[in-house]
Amino acid sequence: MKKIFYIPILLASIFISFAACGDYLDRPGLDTFEDPEFWTKEDNVRLYAQRGYTAYFTGYGSGYTWGKFFTGGAWADEYSSSAQWTQQTATSGNGWTFTWVRWANILIDRVSKMENLTQEEKNHWLGIGRFFRAMEYNDLAKLFGDVPYFDHVVDHKDLETSYKKRDPLPYVAEKIMEDFQFAADNVRENDGPQQINRDVVLGFMSRSMLYFGTFLKYHNIDSEVAETLLRKAVWASEELMNSGKYQIVDDYRGIFTSADLSGNKEVIFYRQYEPAKVTHCLVSYNNAEPQTGTTLKVVETYLASDGLPIKQSPAYNYGPEKNGHELKYYPDQYKNRDPRLAASLVDSIRLQGPHTAYSTTGFLCWKFLPYDANQKDLIYLGSTNVTDAPILRLGEILLNYAEAKAELGEFDQVAADKSINVLRNRSIKKNNVGNPLPKLPRMIVSGNDVFANGIKIEDPDRDLSVNPLLWEIRRERAVELLFEGFRRDDLKRWKKFEYLKTEETNGIPTKLGIGAYVDLNRFTGKPKQDLLKNVHFYYPDPNDLTKAFVYNLYEKNMRRDWVPGNSYYERQYLNAVPLDQIKLYQDLGYELTQNPGWDMPAK
């Protein structure tokens, strides 16, 4: 789960490690903060807490490691991915570790016993400790569902507690909520630059409560707790929305490409990068390297400039279709669309052969590419990138609020004007120059119906199990948060992994398996030879080999199937509990249960 560079993790939890290693781990470590003399002043507490920053706020990663941006879509419909449902049941690891729970509990325990802190100082650092515990249990519960909940430092000799059974997810989710709430009530409004403050707590609380509220609802686990969590998501979001500190900025792409986010009004919290100190490689991937491309489905998700889905919009003029796909070249698909499309994807196709920086689907991302980036500038190549990474921003909070209100049946015009319509009011310029692109019209709400310029939205591609209002809110989330690492979690909590199915029907690829529609007559000579050599194509008209879709999932063994209700597929919503931990519990006379479906072999 976390990248830990200072504590080797060999077993499932630090409790188990202690029991296994005995007296060796009873000795104080030379690089740990267990010495009672350490817990004597606030500066030392702050030093201890700093370990959590790189663990939970990864941003764009560091060096040649990836954060959660962009590549986080490999198990989502943002990527034309060949990843399949073929994972074997994990034998070890798989994210099942409680080291960070213990780390947070040590912070809480030691601070509670410090006599030389003022009450304000003690409350703040207890809030920080509970914030980190909530963050860790948020990650654990997302992976495994039911997990053993530890709210104190466990003595390694206390086997009954160390090897306790998994607590139910609704119970754990409420404990996460309680920790976030305590932190929101006690963490400082301002604790200095780049330090966790109340707004950071509220931002993660908004995100976490929406996740578990909808997960419990759509997986039919506990509707009562789900409603409680969704109301907390609304509360946390409104606290930030009403604070007056943040506002939506016009330069959407600039949020992700700035070398200094300190003055950005939309950003609540960010990870700072500096030359020769901490750098990353995400810009390089968006600048001069081949990309795993986004899907035709993503491109078609964006509304037309008149606020209507492209199959309903006169401004877009969808059609004609051949074998289930619109035959329109990408430059034309790009026109008269939601301006966030222009801020996220390059306006021309980039293919292997004619281009060195190409996409496997032809759709190239530049959402993370600075406007002045040059392929020859070293700062934009390799692992020397220094653009700051937004960790929390108001745009996400508005979407969390909108969705939670809709799930509670309380999303009305007032809510739309406070959230979705604020996002649509950006003045986005292509490449941040020239005149602003046309804004989307306001979302008008009437019950579960949505209107744009007086026309009722009736998207023929809507999942009929999702009402029209929620469908449009989810669409807004998909395009606003594109490549920001949310999509897989969104599909997971909505119980919609079925959207990832890429099996063909009667030989016709899905919109996840193909990319841009290409006029091959536009290429001649060696570029065309290279193109035909390196790129696979799907020809919707077998009699016309001059027009084709880029075909990414061209081999059957690259595709994903999905069978709703089949436990082999449904098991993918939760990770497997590693087999070595189940056996370890059994050997000691305790029980650790497996998640449903993971007791059967991969197909």
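To be clear, the structure that these remarks concern was listed above.
For clarity, every value in this text was computed on a predicted model and none was experimentally measured. (Residues numbered from 1 in each chain as written. Predicted model: local features only at pLDDT ≥ 70, side-chain atom pairs only at ≥ 80, totals over all residues. Heavy atoms only, no water.)

(A) Broad picture of the overall build of the chain. Looking only at helices and strands, the chain features 22 helices and 10 strands. For 603 residues, the compact-globule estimate of 2.2 N^0.38 gives 25 Å, and the chain sits close to it at 25 Å. By principal-axis analysis of the C-alpha atoms, the chain measures approximately 75 × 55 × 55 Å. Residues classed as buried in the chain amount to 57% of the 603 residues present. Surface accessibility of the chain: about 24800 Å² in total, with carbon and sulfur atoms responsible for 50%. (Helix = DSSP H or I, 4+ residues; strand = E, 2+ residues; numbered from the N terminus. Rg over C-alpha atoms; globule rule 2.2 N^0.38 Å. Buried < 20%, exposed > 50% of the residue type's maximum accessible area, 1.4 Å probe, protein only. Areas by Shrake-Rupley, 256 points an atom, 1.4 Å probe, with all protein chains shown as cover.)

(B) Region of the structure containing the sheet that holds strand 10 (residues 547-551). Across the sheet, 3 strands lie side by side as 8-10-9; this open sheet has antiparallel pairing. Strand pairing shows two members of the sheet lacking a second neighbour, strand 8 (514-519) and strand 9 (537-538), which therefore form its edges. Bridge count for strand 9 against strand 10 is 2 bridges, and the pairing is antiparallel. Paired with tyrosine 538 across the strands is phenylalanine 549, a residue of strand 10. (Pairing = 2+ DSSP bridges.)

(C) Spatial organisation of the pairing of strand 4 (residues 389-393). Judged by how many residues are buried, strand 4 sits mostly within the fold: 5 of 5 residues are covered. Bridge count between strand 1 (residues 267-271) and strand 4: 4 bridges; the pairing is antiparallel. The residue of strand 4 that forms the bridge with tyrosine 270 is proline 390.

(D) Geometry of the sheet that holds strand 5 (residues 444-446). One open sheet holds the 3 strands; their spatial order is 5-6-7, and the pairing between them is antiparallel. Each edge of the sheet is formed by a strand with only one pairing partner; in this case those strands are strand 5 and strand 7 (455-456).

(E) Region of interest: the packing of helix 7 (residues 169-186) against helix 9 (residues 223-241). Relative to each other, helix 7 and helix 9 sit at 25 degrees, their axes nearing to 10 Å. Relative to helix 9, the element helix 7 is oriented roughly parallel. Every pair of crossing elements has a handedness; the one defined by helix 7 and helix 9 is left-handed. When helix 7 is examined against helix 9, the residues Pro170, Ala173, Glu174, Met177, Gln181 and Ala184 are found in contact with a partner set consisting of Val225, Thr228, Leu229, Lys232 and Trp235. Of the residues in the contact of helix 7 with helix 9, the class split is 7 nonpolar, 2 polar and 2 charged. (Axes fitted to C-alpha atoms, helices over the stretch in contact; angles between N-to-C directions. Parallel < 35°, antiparallel > 145°, perpendicular 65-115°, else oblique. Left-handed = near helix turned anticlockwise from the far one by under 90°. Contact = heavy atoms within 4.5 Å. Nonpolar A, V, L, I, M, F, W, Y, C, P; charged D, E, K, R; others polar.)

(F) Molecular detail of the nonpolar core. Core analysis: the biggest nonpolar cluster contains 119 residues, and Phe57, Phe131, Phe132, Tyr137, Phe180 and Phe411 have the highest contact counts within it. When sequence neighbours within four positions are dropped, the list of residues in contact with phenylalanine 131 reads Phe57, Phe180, Ala183, Ile196, Val200, Val201 and Phe204. (Core = buried A, V, L, I, M, F, W, Y, C linked by side-chain atoms within 4.5 Å.)

(G) Seen up close, the packing of aromatic side chains. One pass over the full model with this rule turns up 49 aromatic pairs. When the ring of tryptophan 96 is compared with that of phenylalanine 98, the centres are 5.3 Å apart and the planes differ by 85 degrees; the resulting orientation is edge-to-face. The class of tryptophan 96 is buried, set by a relative accessible area of 3%. By relative accessible area, which is 2% here, phenylalanine 98 ends up buried. Summarising the aromatic geometry, the rings of tyrosine 329 and tyrosine 517 are spaced 5.1 Å apart at their centres and angled 15 degrees between planes, so their arrangement reads as stacked. Residue tyrosine 329 is found in the loop between strand 3 (325-326) and helix 13 (330-334), and its partner tyrosine 517 is found in strand 8; the two are separated by 188 residues along the sequence. A single burial state applies to tyrosine 329 and to tyrosine 517, both of which are buried. One Lys or Arg, lysine 164, reaches over the ring of phenylalanine 150 and ends 5.7 Å from the middle of that ring. (Phe/Tyr/Trp six-rings, centres within 6.5 Å; stacked < 30°, edge-to-face > 60°. Lys NZ or Arg CZ within 6 Å of the ring centre and 35° of its normal.)

(H) Main features of the environment of tyrosine 554. With respect to the helices and strands, the residue tyrosine 554 is situated in the loop between strand 10 and helix 21 (567-570). Judged by relative accessible area, which is 31%, tyrosine 554 ranks as partly exposed. Distance from tyrosine 554 to proline 509, taken between C-alpha atoms, is 8.5 Å for residues 45 residues apart in sequence. Each residue touching tyrosine 554, except ones within four places of it in the same chain, is listed here: His536 and Arg559.

(I) Geometry of helix 4 (residues 99-113). Across its 15 residues, helix 4 extends 21 Å between first and last C-alpha, which sits within 8% of the 21 Å expected from 1.5 Å per residue. Within helix 4, 12 of the 15 residues are buried, which leaves it mostly tucked inside the rest of the structure. Within the sequence span of helix 4, burial applies to Thr99, Trp100, Val101, Arg102, Trp103, Ala104, Asn105, Ile106, Leu107, Ile108, Arg110 and Val111. (Expected span 1.5 Å × (residues − 1).)

(J) How the structure looks around the environment of glutamate 266. Take glutamate 266: it is sitting in the loop between helix 10 (254-257) and strand 1. Its relative accessible area of 0% is what places glutamate 266 among the buried residues. The residues touching glutamate 266, leaving out its near neighbours within four places in the chain, are Gln247, Ile248, Val249, Ile255, Leu392, Arg393, Leu394, Gly395, Arg426 and Glu480. A distance of 3.4 Å separates the side chain of glutamate 266 from the backbone nitrogen of glycine 395, its partner in a polar contact. (Polar contact = N/O pair within 3.5 Å; in protein donor to acceptor, adjacent residues only side chain to side chain.)

(K) Representation of the pattern of salt bridges. Taken as a whole and assessed by the stated rule, the structure comprises 56 salt bridges. A salt bridge links arginine 46 to aspartate 191; its shortest N-O distance comes to 2.7 Å. Highlighted residues: arginine 46 in helix 2 (residues 42-49) and aspartate 191 in the loop between helix 7 and helix 8 (198-218), separated in sequence by 145 residues. Here arginine 559 and glutamate 504 are joined by a salt bridge, their closest N and O atoms 3.1 Å apart. A residue pair is termed long-range when its members are at least 10 positions apart, and arginine 559 in the loop between strand 10 and helix 21 and glutamate 504 in the loop between helix 19 (487-493) and strand 8 qualify at 55 residues. A residue is classified by how much of its surface remains accessible, and arginine 559, at 11% relative accessible area, is buried. Because the salt bridges share partners, they merge into one network encompassing Glu266, Asp338, Arg340, Lys367, Arg393, Arg424, Arg426, Glu476, Glu480 and Glu484. (Salt bridge = Lys/Arg side-chain N within 4 Å of Asp/Glu carboxyl O.)

(L) Layout of helix 22 (residues 579-587). Considered for burial, the residues of helix 22 that qualify are Gln581, Ile582 and Tyr585. The arc that holds the buried residues of helix 22, viewed along the axis, is 105 degrees, so those residues lie on one side. Opposite the buried face of helix 22, at more than 90 degrees from it, the exposed residues are Gln586 and Asp587. Two residues or fewer past helix 22, glycine 589 is found with a positive phi of approximately 90 degrees. (Arc of directions from axis to C-beta.)

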